[in-house]
Amino acid sequence: MFIPRHYKETDMEKIQQFIQQHGFGTVVTAEEGKPIATHTPVMLRKLNRDYYITGHIAKANPQWKTFGNGRNEVLVMFQGPHAYISSSWYKEEDVPTWNYQSVHVYGRAEIMSEEELKEDLILLLEKYESDRENAALWENLSPQTLKQIRGVVGFKIKINEVQAAYKLSQNRTREDYQNIIDKLYEENDLNANKVADEMKDKL
């Protein structure tokens with residue numbers, strides 16, 4: 001994606017945290033030149049020395065057939081908070097814009113074995129269920145429920161490129177920057193408030 005210099009994030013530790021926090025990704029491939037996408041929960045995992053995006057999609061979803069068993073390039077997009085920025089919040093006249101955080105990960109996908117898929121699903125459940133009462137962890141599910149693993153295809157994407165854009169008004173004056181934060185907190189919008197939180201952290 002196009003990332004102006006002001007907004008490019010290169011700190012890999014921060015990018016990894018971002019992916020872990022915004023784990024509902026969009027997996028994009030091409031089928032005969034036509035882009036296709038699936039929205040699905042994924043995880044960032046280190047396997048041996050390499051980093052992978054892992055996840056699963058329904059076996060009935062034909063997109064998994066476009067992975068090409070490691071031959072084809074795959075894009076996974078992660079979207080963070082975003083918000084409209086009114087130019088009325090600036091000291092001097094300018095155009096409105098949009099603040100956002102987004103990470104694009106590129107790599108080549110392979111289909112997981114059944115054992116790999118089981119391991120990945122166990123980790124996914126632990127991530128989202130471990131702190132819940134009556135947690136729906138793998139070991140707590142009935143054999144009948146666990147049979148549904150047959151209806152999904154697991155994948156792992158070996159990461160070869162990461163692009164991260166954190167467009168958070170870094171090009172504005174300190175006065176404008178602080179005013180944008182204040183105005184975003186006044187918005188009756190959770191995304192706007194989260195963008196303000198991100199901007200505040202960078203002060």
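So, how was this worked out
Residues numbered from 1 in each chain as written. Predicted model: local features only at pLDDT ≥ 70, side-chain atom pairs only at ≥ 80, totals over all residues. Heavy atoms only, no water. Pairing = 2+ DSSP bridges. Helix = DSSP H or I, 4+ residues; strand = E, 2+ residues; numbered from the N terminus. Axes fitted to C-alpha atoms, helices over the stretch in contact; angles between N-to-C directions. Contact = heavy atoms within 4.5 Å. Salt bridge = Lys/Arg side-chain N within 4 Å of Asp/Glu carboxyl O. Polar contact = N/O pair within 3.5 Å; in protein donor to acceptor, adjacent residues only side chain to side chain. Parallel < 35°, antiparallel > 145°, perpendicular 65-115°, else oblique. Left-handed = near helix turned anticlockwise from the far one by under 90°. Nonpolar A, V, L, I, M, F, W, Y, C, P; charged D, E, K, R; others polar. Expected span 1.5 Å × (residues − 1). Buried < 20%, exposed > 50% of the residue type's maximum accessible area, 1.4 Å probe, protein only. Arc of directions from axis to C-beta.

A. Geometry of the sheet that holds strand 6 (residues 152–167). The antiparallel closed barrel is built from six strands, whose spatial order is 1-2-3-6-5-4. Shown here is a sheet whose adjacent strand axes are inclined to one another by a mean of 45°, direction ignored. Of the strands in this sheet, strand 2 (34–47), strand 3 (50–58), strand 5 (97–111) and strand 6 touch helix 2 (residues 114–129), which is tilted by about 80° from strand 2.

B. Focus on the pairing of strand 4 (residues 73–85). Where strand 1 (residues 24–31) and strand 4 come together, three bridges link them in antiparallel fashion. Within strand 4, the position partnered with Thr26 by the bridge is Met77. In this sheet, strand 5 lies alongside strand 4 in antiparallel orientation, the contact comprising 11 bridges. Its bridge partner lying in strand 5, Phe78 is registered against Val103.

C. How the structure looks around the pattern of salt bridges. Applying the stated rule across the entire model yields 10 salt bridges. A salt bridge links Lys156 to Glu116; the nearest nitrogen and oxygen atoms lie 2.8 Å apart. Of this pair, Lys156 sits in strand 6 while Glu116 sits in helix 2, and the two are 40 residues apart along the sequence.

D. Highlighting the pairing of strand 6. Here strand 3 pairs with strand 6 via seven bridges, running antiparallel. Residue pairing in the sheet places Thr54 in a bridge with Lys156 of strand 6. Bridge analysis of strand 5 against strand 6 gives 12 bridges, and the strand direction is antiparallel. By the bridge assignment for strand 6, Arg108 is matched with Lys158.

E. The side chain of Ser102, seen in detail. Structurally, Ser102 can be placed in strand 5. A polar atom in the side chain of Ser102 sits 3.4 Å from the backbone oxygen of Phe78. Once residues lying within four places of it in the same chain are set aside, the contact partners of Ser102 are Met1, Phe18, Phe78, Gln79, Gln163, Ala164 and Ala165.

F. Focus on the packing of helix 4 (residues 174–186) against helix 5 (residues 190–201). It is at 8 Å that the axes of helix 4 and helix 5 come closest, and there the two elements cross at 150°. Relative to helix 5, the element helix 4 lies roughly antiparallel. Crossing hand, helix 4 versus helix 5: left-handed. Side by side, helix 4 and helix 5 meet where Tyr177, Ile180, Ile181, Leu184 and Tyr185 of the first sit next to Ala192, Asn193, Val195, Ala196, Asp197, Met199 and Lys200 of the second. Considered class by class, the residues forming the contact of helix 4 with helix 5 number nine nonpolar, one polar and two charged.

G. The arrangement of helix 5 in detail. Given a rise of 1.5 Å per residue, 12 residues ought to cover 16 Å, and the 17 Å separating the end C-alpha atoms of helix 5 matches this to within 8%. Residues of helix 5 that are buried include every one of Ala192, Val195, Ala196 and Met199, and no others. Buried residues of helix 5 fall within an arc of 105° about the axis and therefore sit on the same side. Exposed and oriented more than 90 degrees from the buried face of helix 5 are Leu190 and Asp201. Where helix 5 begins, the capping side chain belongs to Asp189, and its oxygen is found 3.1 Å from the backbone nitrogen of Asn191.

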